[in-house]
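Residues per chain are reported as follows:
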Amino acid sequence: MPAVAAESADFAQVQTHLRAVQSMTANFVQTDGKGRTARGTLQLKRPGRIRFEYSGGDLLLVANGSRLTFVDYQVGQKSSWDLSKTPLGMLLSVNPILKGNARLQPSGDPRTVVIRAKSRSHPEYGTLILAFLRSPSAPGGLQLYGWTAIDAQNKRTTVKLSNVRYNVAVADAAFTYAEPKKKKRG
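Residues numbered from 1 in each chain as written. Predicted model: local features only at pLDDT ≥ 70, side-chain atom pairs only at ≥ 80, totals over all residues. Heavy atoms only, no water.

Caption draft 1: Structural detail: the overall build of the chain. In terms of regular secondary structure, the chain is built from 2 helices and 11 strands. Start at the N end of the chain and walk to the C end: the helices and strands fall as α-β-β-β-β-β-β-α-β-β-β-β-β. Against the globule reference of 16 Å for 186 residues, the chain gives a C-alpha radius of gyration of 17 Å, in line with a compact fold. Counting over 186 residues, the chain shows a buried share of 41%. When contacts within the chain are restricted to residue pairs at least 6 apart in sequence, long-range pairs at least 24 apart make up 47% of them. Accessible area of the chain: about 10,500 Å², with a carbon and sulfur share of 51%. One finds the centroid of the 27 positive side-chain charges in the chain at a distance of 1 Å from the centroid of its 12 negative side-chain charges. (Helix = DSSP H or I, 4+ residues; strand = E, 2+ residues; numbered from the N terminus. Rg over C-alpha atoms; globule rule 2.2 N^0.38 Å. Buried < 20%, exposed > 50% of the residue type's maximum accessible area, 1.4 Å probe, protein only. Contact = heavy atoms within 4.5 Å. Areas by Shrake-Rupley, 256 points an atom, 1.4 Å probe, with all protein chains shown as cover. Lys, Arg positive; Asp, Glu negative; His and termini not counted. Charge placed at Lys NZ, Arg CZ, Asp CG, Glu CD.)

This is how it looks when you write it as structure tokens:
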């Protein structure tokens, strides 16, 4: 198969996978740009909802369909952003459309497909690099292995997934959170 046809088939396969996955659960290991790691569980439900619950219970990252909120219960603070203005917004859209916003990236491994996605109309929202492993039993023949999000400040966060389960029941309550309590200064 000529390279252009193979690329086109890989791109179509990624699009098929993303459209077929309406919900997902997984374990994750997250690594920031300084090499620090954190672990936890992930729940995803289209459109626009994701929950990263970090081990220890002090940190939470939740998208409720429109806002992405980071909660730090240890210090009693939260930060929130418009989901559509983050790299995760593309992954969580009701019908992820990569055409025009993404391109295949060489992976060096025929078992891996890598897509680099960035909004053409809003490149300042960041970049999402998705890595898939070929897996005949997964939706579209691909399993989402993980991603690297690069934000507007060029900070990288890499997430690797394990124990991935597709199209499973995920309760809407997973995308809510308790407000952090302000810590009193001693």
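Having seen the structure, we can now continue with the description.
Caption draft 2: Main features of the sheet that holds strand β7 (residues 102–105). Taken together, the 11 strands give an open sheet; going across it, the order is β6-β5-β4-β3-β2-β1-β11-β10-β9-β8-β7, and neighbouring strands pair in antiparallel fashion. In this open sheet, the two edge strands, each paired with only one partner strand, are β6 (77–82) and β7. Each strand of the sheet is rotated relative to its neighbour by a mean of 20°, with strand direction disregarded. When strand β2 (residues 37–45) meets strand β3 (residues 49–54), the two strands line up antiparallel, connected through 6 bridges. Looking across to β3, one finds that Q43 is bridged to R51. (Pairing = 2+ DSSP bridges. Axes fitted to C-alpha atoms, helices over the stretch in contact; angles between N-to-C directions.)

Caption draft 3: Up close: the pattern of salt bridges. According to the stated counting rule, one finds 7 salt bridges in the structure shown. Between D172 and K45 there is a salt bridge, with its nearest N and O atoms 2.8 Å apart. Taken together, the residues span a long stretch of sequence, with D172 in the segment after β11 (156–166) and K45 in strand β2 at a distance of 127 residues. Through salt bridges with shared partners, a single ionic network connects K45, R49 and D172. (Salt bridge = Lys/Arg side-chain N within 4 Å of Asp/Glu carboxyl O.)

Caption draft 4: Up close: the nonpolar core. Within the largest apolar cluster, 36 residues are counted, with the highest numbers of intra-cluster contacts made by M24, L42, F52, L88, W147 and L161. In this structure, F52 is in contact with F28, T41, L42, L59, L60, L61, L88, W147 and V159, ignoring residues within four places of it in sequence. Ranked by size, the runner-up nonpolar core spans 7 residues in total, among them L60, V71, V168 and F175. (Core = buried A, V, L, I, M, F, W, Y, C linked by side-chain atoms within 4.5 Å.)

Caption draft 5: Molecular detail of the side chain of Q30. Position of Q30 among the secondary structure elements: in strand β1 (residues 23–32). Here Q30 falls in the buried class, since its relative accessible area comes to 17%. Here Y54 takes part through its side chain, which lies 2.6 Å from a polar atom of the side chain of Q30. Excluding its chain neighbours within four sequence positions, the residues that come into contact with Q30 are R36, T37, A38, Y54, T157, T158 and V159. (Polar contact = N/O pair within 3.5 Å; in protein donor to acceptor, adjacent residues only side chain to side chain.)

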